[in-house]
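# A look at the structure
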Amino acid sequence: MKILYIIICIYIISELIIFFFVQKSKHIKWILTKKKLYDLFNKKKFLNFKKKNFNFKLGWDKKSNFKNYDFLNGKKIYYSIDKKGYRSSRFKNKSNKIISFGDSYTFCRQVNNEYTWQEFISKQNNIFVSNFGVGNYGLDQAYLKYLNQLKKPSGKTIVFGIVPETICRIQSSWKHYLEFGNIHGFKPYCKLEGNKVVIKPNPLKKKTKIYEIEKVINKTKFFDRFYQDKYLKYLLKFPYLINFIKNYDFNLRVFYKIFVSKILNNNNKLQDEIFPIVMRSNIKISHSLYDEEYSKKLLEELIIKINKQISKKNKCYFIIFPQLFDLRLSTREKYQKFYENLNKKVNVIDLTTFFINKKNYEKLFINDKYGGHLNKKGNKFVAKIIQKYLIKS
């Protein structure tokens, strides 16, 4: 009986410790508490997003004639978008033989305009490789941008550059369930109807007002798988200890960072300290979906659909850009096997092995909180590989 009392006391104390810790840390976007999701929204920020980034067909997009910058080690890295919608290039007056769509690894985030892999290929071959990449896109959005951007091009090489995590992104309709804190990330999403892939429209409409967001969110709970599969599983609520243990590896790492930051009074860098933990968790989830039949079938059917349409008039390639955490985890073999098998049906260039075989490959990445985008040397490295496939074709 005494042992039972001790166990009960330990449990109650643990509940209280976690409860108070959560209450003190609930301002951190990765500490999920049972509050109304609508309360995450700020009217001013929402309206600013709608004005500058929102695109009903795509979710978000970079506007034409747009200039902005990324921060890297306290310095501003400038980029610009041309009036035609592609990233500004010194080679735009050359023959536009290759057109690229995709995510931030296609856009080449955190490097200047002249250091993208498209610019290196353009310079080496005296052509223009246009860059329509957009940060955090899934393959579904990249494909929709292709449809939205071009007027049935002919005789071109169309490239889709994506990270392995796209297997998650194409199934997400509100990114907050998948990437906690990405509250403005409403987007189209894919699902299988029979054996055919269908792209469902963005749940956030052009005329959606801030007070209507709650209705939009409630709808996404029914068709966004990550509400059940991830968001609810990471929710810290009573019983706190049990919910903490459900994701003990993630929670221990995050709580440790918070605890240390409070002792050292170093809250300014806390978000940057936690972000790699979040990235690692997200990448592990994406790798696990390459073991799930539904997800593999969905992604394969989407790729085949895109390839079938484009290959009628153009050559089509799918380039897989591993993120730094992909390379660090042995579970990368799951997606490598998937794309290796898919390469028998469509043109796939998986860059993973090229990086693994490169000595000190980490020096090709910007090793920061975003999970490692390619730096100047990294983009030059992949440009040499990519052009061997594209130019000879």
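For the structure itself, look to the data block above.
Residues numbered from 1 in each chain as written. Predicted model: local features only at pLDDT ≥ 70, side-chain atom pairs only at ≥ 80, totals over all residues. Heavy atoms only, no water.

## Things to note about the overall build of the protein chain
The secondary structure content of the protein chain amounts to 16 helices and 13 strands. Against the globule reference of 21 Å for 393 residues, the protein chain gives a C-alpha radius of gyration of 22 Å, in line with a compact fold. On the principal axes, the C-alpha backbone points of the protein chain span a range of 80 × 50 × 40 Å. Looking at the 393 residues of the protein chain, the share that counts as buried comes to 53%. (Helix = DSSP H or I, 4+ residues; strand = E, 2+ residues; numbered from the N terminus. Rg over C-alpha atoms; globule rule 2.2 N^0.38 Å. Buried < 20%, exposed > 50% of the residue type's maximum accessible area, 1.4 Å probe, protein only.)

## Some details on the packing of helix α4 (residues 117–125) against helix α16 (residues 376–390)
Packed helices, taken two at a time, are described by the angle between their axes plus the distance between the axes. Running from N to C, α4 and α16 point in directions that differ by 55 degrees, and their axes come no closer than 8 Å. Relative to α16, the element α4 lies oblique. Where α4 crosses over α16, the handedness of that crossing is right-handed. Contacts from Trp117, Phe120, Ile121, Gln124 and Asn125 of α4 reach α16 at Lys376, Asn379, Lys380, Val382, Ala383, Ile386 and Gln387. Of the residues assigned to the contact of α4 with α16, the class counts are six nonpolar, four polar and two charged. (Axes fitted to C-alpha atoms, helices over the stretch in contact; angles between N-to-C directions. Parallel < 35°, antiparallel > 145°, perpendicular 65-115°, else oblique. Left-handed = near helix turned anticlockwise from the far one by under 90°. Contact = heavy atoms within 4.5 Å. Nonpolar A, V, L, I, M, F, W, Y, C, P; charged D, E, K, R; others polar.)

## A short note on the nonpolar core
Within the largest apolar cluster, 88 residues are counted, with the highest numbers of intra-cluster contacts made by Phe41, Phe101, Leu139, Phe160, Phe255, Leu299 and Tyr339. When neighbours within four sequence positions are excluded, Phe160 is seen to be in contact with Phe101, Leu139, Ala142, Tyr143, Tyr146, Ile306, Ile310, Cys316, Tyr317, Phe318 and Ile319. In this structure, Leu72, Tyr105, Phe120 and Leu374 belong to the second largest nonpolar core, which totals 32 residues. (Core = buried A, V, L, I, M, F, W, Y, C linked by side-chain atoms within 4.5 Å.)

## A look at unusual backbone geometry
In the segment running from Phe238 into Pro239, the intervening peptide bond is cis, with an omega of -5 degrees. Position of Pro239 among the secondary structure elements: in the loop between α8 (225–234) and α9 (240–246). Unusually for a residue other than glycine, Cys108 sits at a positive phi of about 70 degrees. Its location among the elements puts Cys108 in the loop between α3 (104–107) and α4.

## Some remarks on the sheet that holds strand β5 (residues 98–102)
Pairing in this open sheet of five strands is parallel, and the strands run β6-β5-β7-β10-β11 from one edge to the other. Both edges of this open sheet fall to β6 (129–131) and β11 (348–350), since each of them pairs with a single strand only. Put simply, the sheet's adjacent strands are angled 20 degrees from each other on average, direction ignored. Here three bridges tie β5 to β6, and the two strands are oriented parallel to one another. Pairing of Ser100 across the sheet is with Asn131, part of β6. Those strands touched by α4 are β5, β6 and β7 (157–162), and its axis lies near 165 degrees from that of β6. (Pairing = 2+ DSSP bridges.)

## Here we look at a nonpolar patch on the surface
Residues Leu4, Tyr5, Ile8, Tyr11, Ile12, Leu16, Phe20, Phe238 and Ile242 make up a contiguous nonpolar surface patch of about 910 Å² in total accessible area. Relative to the assigned elements, Tyr11 resides in helix α1 (residues 2–25). (Patch = residues over 30% accessible without salt bridge, like charges linked within 9 Å, V, L, I, M, F, W, Y side chains within 5 Å. Areas by Shrake-Rupley, 256 points an atom, 1.4 Å probe, with all protein chains shown as cover. Salt bridge = Lys/Arg side-chain N within 4 Å of Asp/Glu carboxyl O.)

## Concerning a positive patch on the surface
Taken together, the side chains of Lys123, Lys358, Lys359, Lys363, Lys376, Lys377, Lys380, Lys384 and Lys388 make up a positively charged region of the molecular surface. With five residues, the top contributor of residues to the positive patch is α16. (Lys, Arg positive; Asp, Glu negative; His and termini not counted. Charge placed at Lys NZ, Arg CZ, Asp CG, Glu CD.)

## Some details on the pattern of salt bridges
Counted by the stated rule, this structure contains 19 salt bridges. Arg90 is paired through a salt bridge with Glu119; the nearest N and O atoms lie 3.8 Å apart. Of this pair, Arg90 sits in the loop between β4 (75–81) and β5 while Glu119 sits in helix α4, and the two are 29 residues apart along the sequence. Residue classification places Arg90 among the exposed residues on the basis of a relative accessible area of 58%.

## Concerning the packing of aromatic side chains
The description of two aromatic rings rests on the distance between their centres and on the angle between their planes. Scanning all chains against the criterion turns up 38 aromatic pairs. Put simply, the rings of Phe41, Phe46, Trp174, Tyr177, Phe180, Phe186, Tyr227, Tyr231, Tyr234 and Phe250 touch in pairs and so form one group of aromatic residues. Above the face of the Phe325 ring, Arg328 is positioned so that its terminal group lies 5.2 Å from the ring centre. (Phe/Tyr/Trp six-rings, centres within 6.5 Å; stacked < 30°, edge-to-face > 60°. Lys NZ or Arg CZ within 6 Å of the ring centre and 35° of its normal.)

## Structural notes on the side chain of Ser286
Its place among the elements puts Ser286 in helix α11 (residues 270–289). The class of Ser286 is buried, set by a relative accessible area of 0%. In contact with Ser286, not counting residues within four places along its chain, are Glu165, Ile167 and Cys168.

## A closer look at the pairing of β4
By the bridge criterion, seven bridges tie strand β3 (residues 66–72) to β4 in an arrangement that is antiparallel. Among the inter-strand pairings, Tyr69 is bridged to a residue of β4, identified as Tyr78. From the end of β3 to the start of β4, which pair antiparallel, there are two residues, and Asn73 there has a positive phi angle of about 55 degrees.

## With respect to the environment of Gln118
Of note, Gln118 is situated in helix α4. Remark: the alpha-carbon pair of Gln118 and Pro322, spanning 204 residues in sequence, is separated by 17 Å. Those residues in contact with Gln118 that lie beyond four places of it in its chain are Ser100, Thr106, Cys108, Val129, Ser130 and Asn131.

## Description of the packing of helix α5 (residues 139–149) against helix α12 (residues 293–310)
Following both chains from N to C, one finds α5 and α12 inclined at 20 degrees, their axes separated by 11 Å at the closest point. The angle between α5 and α12 falls in the class roughly parallel. For the pair α5 and α12, the sense of crossing is left-handed. In this structure, α5 uses Leu139, Asp140, Tyr143, Tyr146 and Leu147 to contact α12, whose residues at the interface are Leu299, Leu302, Ile303, Lys305, Ile306, Gln309 and Ile310. Broken down by class, the residue content of the contact of α5 with α12 amounts to nine nonpolar, one polar and two charged.

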